[in-house]
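Single-letter residue listing:
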Amino acid sequence: MAAVAPPRIHGAGQCESAWRASPWLAALDEQPPTQLLQGRHRVVLLSPHPDDETLACGGLLRAASEARLDIQLVAVTDGEACYPGDAAWTPARLRDVRPREVMQAFDALGVRAQVQRLGLPDGGVGSHAAALEAALRTLLQPGDLVLAPWEQDGHPDHDAVGRAALATAQPGMRLLRYPVWAWHWLSPHTHRAPFDAIRMPLTPDTVARKQRAIACFASQLQSDAPRAPAPILPPHVVQRFHRPFEVYLP
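None of these values were measured; they are calculated from a predicted model. (Residues numbered from 1 in each chain as written. Predicted model: local features only at pLDDT ≥ 70, side-chain atom pairs only at ≥ 80, totals over all residues. Heavy atoms only, no water.)

Caption draft 1: Fine view of unusual backbone geometry. Backbone geometry places Asp51, a non-glycine residue, at a positive phi of 125°. Its place among the elements puts Asp51 in the loop between strand S2 (42–47) and helix H4 (52–66). Even without a glycine there, the phi angle at Arg68 is positive, about 60°. Checked against the element boundaries, Arg68 lands in the loop between H4 and strand S3 (70–75). Judged by its relative accessible area of 78%, Arg68 falls in the exposed class. (Helix = DSSP H or I, 4+ residues; strand = E, 2+ residues; numbered from the N terminus. Buried < 20%, exposed > 50% of the residue type's maximum accessible area, 1.4 Å probe, protein only.)

Caption draft 2: Fine view of the pairing of S3. Summarising burial for S3: five of the six residues are buried, a large majority. Summarising the sheet, S2 and S3 pair through six bridges and their orientation is parallel. Each bridged residue has a counterpart across the sheet, and for Leu46 the counterpart in S3 is Val74. Between the parallel elements S2 and S3, the chain passes through H4 in a crossover that is right-handed. Pairing geometry for S3 and strand S4 (residues 114–117), over four bridges, is parallel. Along S4, the bridge assignment pairs Ala75 with Arg117. Handedness of the crossover joining S3 and S4 through helix H5 (residues 91–109): right-handed. (Pairing = 2+ DSSP bridges. Right-handed = clockwise from strand over helix to strand, strands pointing away.)

Caption draft 3: Structural view of helix H9 (residues 204–214). Among the residues of H9, those classed as buried are Thr206, Val207, Lys210, Ala213 and Ile214. Projection of H9 onto a plane perpendicular to its axis shows the buried side chains occupying an angular sector of 125°, all on one side. (Arc of directions from axis to C-beta.)

Caption draft 4: The side chain of Asp78, seen in detail. In this fold, Asp78 is placed in the loop between S3 and H5. For Asp78, a relative accessible area of 8% corresponds to the buried category. For Asp78, the contacting residues outside a window of four places in its chain are Pro50, Leu94, Arg95, Arg98, Pro99, Arg117 and Leu120. (Contact = heavy atoms within 4.5 Å.)

Given below as structure tokens:
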């Protein structure tokens, strides 16, 4: 995730205790990972920033790896703009550190993946929609399970990647969209879900692995160093991704 965000991503957002009591989130139909992966030979995950893939889809990635499916990670940006103007966390340092954190997280999950880094500008993906769609048309194949951000997630890069996935969908390809920032601004208190979605349950072992994987993103979690910028992933945000399930929009 990156620091640049539209107005609805502000403040602390919804706390996880509210989501635990959410009637619509609890009422979502459940589908196991075997059902989501059935008939697929490759999983292609479109990640706007290093960590989105682990936060939203770490459990499904582990299930795909256990099923011996090929996994392709498309890293749309390197997340270099998350601490703008900070003397320690320069864009050059972040371009080096954040992709390495992804690989550490995959090791914690027990996931092996091929990685394609597109190097589009963090915070500016929407201005490069044509280049992104061209890259996806070259990469995506019928039969793929494609994981992409929900196109209304609330972060401009996430929304742009989600729109590109919809624009390049092919017959025979399955697209699942995942929320990340939506948990910040959606209301947990309504009885009607804001989208058609399913819950994918995670085993206790997968939950533990996913929590260890999230902990690998030290650049996003840091807050103790003197004069350090506020972390992108403070504890109340991380709690949203420690759940024993993941949510996908078919």
